[in-house]
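# Descriptive analysis of the structure
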Amino acid sequence: MEIHGAVNSYSAFISSGLLEQLGTCTRKHLTRQRCAIISDANVAPLFGEHAKQSLMAAGFQPTLIMIPAGETSKTLEQAGAICDQMIAAGLDRQSFVIGLGGGVIGDISGFVAAIFLRGIPHVQIPTTLLAMVDSSIGGKTGVNTRDGKNLLGAIHPPALVIDDVDVLKALPRREFNQGFAEIIKHAIIADAEMFTTLKDVDPENLAPLIRRNIEIKSEIVAKDERDRTGERALLNFGHTVGHAIERAGDYKRFLHGEAISLGLIAACDVSMKKAGLLRDQRDAIANLLRQFDLPTQLPKDFPRESIFKALPYDKKFERGKIRFVVAPRIGAAHVTTDVTMDDIQKAVDAL
């Protein structure tokens, strides 16, 4: 499928067996020779060599760079170390970067592609459901600082996205399920019909579901590619509190999708108060999240005060005011500045 932005357009391929065709598929879109495959210690042993061999068979000269797995690797220091390895391997302005992994790898490899010699092409090969339906689309890249997620970054749309649904078979169940937090979010903000079908999703036929979620995200991104007008902010439904929960748990207590699941519940509670979301729709959302073993309540021992302390570091605060996304009903959402810190505090306390 073609993804069209106001400035950039690129192709996304969604099918089985695409990793084996990586070289020929990439060759149709990029004529360059040298590339860096950036992956992590979990994914590289599974798919790194397959990707490398396919690229070499198509005439590319790939360098595989492996970093430690996990959110703690998404730092400016790690990005600099990757750039140093790319320079040592002889990559130049005619090279490109491949991100082979989940959302962390997509974010940091995209950031490296954006800053290396002021910008070279980036190919996204997401290996998680979460990354396929969300972070690989739209061009947001970044690294974390000690004060919050993605506070340093760039908008650098990919040149190509390759979603091989076969790689999802290697995912542990918990990793697979966290992708449904973003899928459910997309349904809440933009597609009531998809919401009703999710309880009967076929895990053996995910390509149509992935395609629909890419359509939803790319349509929203196209209206606000540089994240300036507020249209793109709709995608942050559940993320204000979700990111704060991640930070409060030191990025170890919850996976990203699990934290977003909790953030969705908080956003629904705020939406009931500020946007008229009905209680039965809020409960339907909670039930669907639980169907995929996603959390809807915080453990009693979780430091709720740390969540509140993390909130002001969120990028969605502007001039002291928060742009909070609310949903008046399943299938629709909008941004408001009418939500107070007290509203959010009460929603967090209720988790």
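Scope of this entry: the structure provided in the associated data block. Values in this document were obtained by computation on a predicted structure and should not be read as measured data.

What counts, and where the lines are drawn
- Residues numbered from 1 in each chain as written.
- Predicted model: local features only at pLDDT ≥ 70, side-chain atom pairs only at ≥ 80, totals over all residues.
- Heavy atoms only, no water.
- Helix = DSSP H or I, 4+ residues; strand = E, 2+ residues; numbered from the N terminus.
- Rg over C-alpha atoms; globule rule 2.2 N^0.38 Å.
- Buried < 20%, exposed > 50% of the residue type's maximum accessible area, 1.4 Å probe, protein only.
- Contact = heavy atoms within 4.5 Å.
- Lys, Arg positive; Asp, Glu negative; His and termini not counted.
- Charge placed at Lys NZ, Arg CZ, Asp CG, Glu CD.
- 1 Å grid on protein atoms, 1.4 Å probe; cavity = no way out; pocket = protein on both sides within 12 Å on 5 of 7 lines; lining within 4 Å.
- Points joined across faces, edges and corners; volume = space filled by probe spheres on them.
- Nonpolar A, V, L, I, M, F, W, Y, C, P; charged D, E, K, R; others polar.
- Core = buried A, V, L, I, M, F, W, Y, C linked by side-chain atoms within 4.5 Å.
- Salt bridge = Lys/Arg side-chain N within 4 Å of Asp/Glu carboxyl O.
- Pairing = 2+ DSSP bridges.

## Some points on the overall build of the protein chain
Along the protein chain, the regular secondary structure elements total 13 helices and 13 strands. In summary, the protein chain has a C-alpha radius of gyration of 20 Å against a globular reference of 20 Å for 351 residues, a match within 12%. Considered along the principal axes of its C-alpha atoms, the protein chain spans approximately 60 × 40 × 40 Å. Counting all 351 residues of the protein chain, 56% fall into the buried class. In the protein chain, the share of contacts with a sequence separation of at least 24, taken over all contacts with a separation of at least 6, comes to 77%. Averaging the locations of the 41 positively and 42 negatively charged side chains of the protein chain gives two centres separated by 4 Å.

## A short note on the layout of surface pockets
Reported here for the second largest pocket is a volume of approximately 300 Å³. As for the second largest pocket, its lining consists of 14 residues, and the residues nearest its centre are Leu168, Lys169, Pro203, Glu204 and Leu206. Residues belonging to the lining of the second largest pocket are distributed by class as follows: eight nonpolar, two polar and four charged.

## Considering the environment of Ile188
Mapped onto the secondary structure, Ile188 falls in helix α6 (residues 173-190). For Ile188, a relative accessible area of 0% puts it in the buried group. C-alpha separation for the pair Ile188 and Pro312, spaced 124 residues apart in sequence, amounts to 25 Å. Residues contacting Ile188, with those up to four places away along its chain left out, are Phe237, Leu264, Ile285, Ala327, Arg329, Ile330, Gly331 and Ala332.

## Digging into the nonpolar core
Most often, soluble globular proteins keep nonpolar side chains buried together rather than apart. Among the nonpolar cores identified, the biggest contains 92 residues, and Ile210, Phe237 and Ile245 are the most heavily contacted of them. Tallying contributions element by element places helix α10 (residues 256-274) first for this core, with nine residues. Once residues lying within four places of it in the same chain are set aside, the contact partners of Ile245 are Phe254, Ala259, Leu262, Gly263, Leu298, Phe302, Ile307 and Leu351. Core analysis: the second largest hydrophobic core is formed by 18 residues, Ile38, Ile67, Cys83 and Phe111 among them.

## A look at the pattern of salt bridges
Counting across every chain of the model gives 20 salt bridges. Its salt-bridge partner being Arg247, residue Asp147 comes within 3.8 Å of it at the nearest N-O pair. Here the residue Asp147 occupies a position in the loop between β7 (140-145) and β8 (148-155), and Arg247 occupies one in helix α9 (residues 239-248), the gap between them amounting to 100 residues. On the basis of relative accessible area, Asp147 is assigned to the partly exposed category, the value being 26%. Between Asp338 and Lys274 there is a salt bridge whose closest N-O contact spans 4.0 Å. Here Asp338, found in the loop between β13 (332-336) and α13 (341-350), pairs with Lys274, found in helix α10; they are 64 residues apart in sequence, far enough to count as distant. Take Lys274: its relative accessible area is 30%, and that puts it in the partly exposed class. Here the residues in one salt-bridge network are Glu71, Lys74, Asp107, Lys149 and Glu246, joined through shared partners.

## A word on empty space enclosed by the protein
Under the counting rule described, the total for this entry stands at three cavities of 30 Å³ or more. Here the second largest cavity is characterised by a volume of approximately 60 Å³. Lining the second largest cavity are Ile3, His4, Gly5, Asn8, Tyr10, Ile137, Gly138, Pro157, Ser218, Val221, Ala222 and Glu225. Contributing elements (two or more residues each) for the lining of the second largest cavity: β1 (2-4) and α8 (207-222).

## Quick look at the pairing of β8
Here five bridges tie β7 to β8, and the two strands are oriented antiparallel to one another. Across the sheet, the residue bridging to Lys140 is Ile155, located in β8. What sits between β7 and β8 in their antiparallel hairpin is a turn of two residues.

Treat this as a map of the structure, not an account of what it does.
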